[in-house]
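Letter by letter, the chains look like this.
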Amino acid sequence: TCPICLGRINQDKAICFSTLGFLQAMLSEVSGGLEYTINEAKCQAMGEEVCEIVIEKDPVSVSE
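Residues numbered from 1 in each chain as written. Predicted model: local features only at pLDDT ≥ 70, side-chain atom pairs only at ≥ 80, totals over all residues. Heavy atoms only, no water.

**Some thoughts on the overall build of the protein chain**
(1) Moving on: Tallying secondary structure elements over the protein chain gives one helix and four strands in all.
(2) Moving on: If you line up the protein chain on its principal axes, its C-alpha atoms span 40 × 15 × 15 Å.
(3) Moving on: When the accessible surface of the protein chain is summed, it comes to about 4700 Å², and 52% of that surface belongs to carbon and sulfur atoms.
(4) Moving on: Both charge centroids of the protein chain, one from 4 positive and one from 10 negative side chains, sit 6 Å from each other. (Helix = DSSP H or I, 4+ residues; strand = E, 2+ residues; numbered from the N terminus. Areas by Shrake-Rupley, 256 points an atom, 1.4 Å probe, with all protein chains shown as cover. Lys, Arg positive; Asp, Glu negative; His and termini not counted. Charge placed at Lys NZ, Arg CZ, Asp CG, Glu CD.)

**Thoughts on unusual backbone geometry**
(1) Moving on: Phi is positive for Asn 10, close to 55°, though the residue is something other than glycine.
(2) Moving on: With respect to the helices, strands and loops of the structure, Asn 10 is situated in the segment before α1 (17-30).
(3) Moving on: Since its relative accessible area comes to 71%, Asn 10 is described here as exposed. (Buried < 20%, exposed > 50% of the residue type's maximum accessible area, 1.4 Å probe, protein only.)

**Some points on α1**
(1) Moving on: Over its 14 residues, α1 extends 20 Å from the first C-alpha to the last, a length consistent with the 20 Å expected when each residue adds 1.5 Å.
(2) Moving on: Once α1 ends, the next one or two residues include Gly 32, with phi positive near 80°. (Expected span 1.5 Å × (residues − 1).)

**A short note on the environment of Phe 22**
(1) Moving on: Its place among the elements puts Phe 22 in helix α1.
(2) Moving on: Between the C-alpha atom of Phe 22 and that of Glu 52, which follows or precedes it by 30 residues, the distance is 15 Å.

**Quick word on the state of the cysteines**
(1) Moving on: Applying the stated rule across the entire model yields zero disulfides.
(2) Moving on: Looking at Cys 16, it has no disulfide partner, and the nearest cysteine sulfur is the one in Cys 5, 3.6 Å off.
(3) Moving on: For Cys 16, a relative accessible area of 1% gives the class buried.
(4) Moving on: Cysteine Cys 43 remains unbridged, with the sulfur of Cys 5 as its closest cysteine sulfur at 3.5 Å. (Disulfide = S-S within 2.5 Å.)

**Remarks on the environment of Lys 13**
(1) Moving on: By the secondary structure assignment, Lys 13 is in the segment before α1.
(2) Moving on: Counting along the chain gives 28 residues from Lys 13 to Ala 41, while the straight-line C-alpha distance between them is 10 Å.

On their own, these measurements won't tell you what the molecule is for.
Rendered as structure tokens:
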């Protein structure tokens, strides 16, 4: 069970923004400042069975 979605149902969009932000920050840190596109493809708060986060393989930019 996703702790962000716990108790939230019937949302019209994904709500795990803090998880996405955390992952973006960690990826930037371990990759030397590269930024990656991260999206939530499925969210339990929208009725999905699991939350699914997709991280694009190639970076989109370099953080300065």
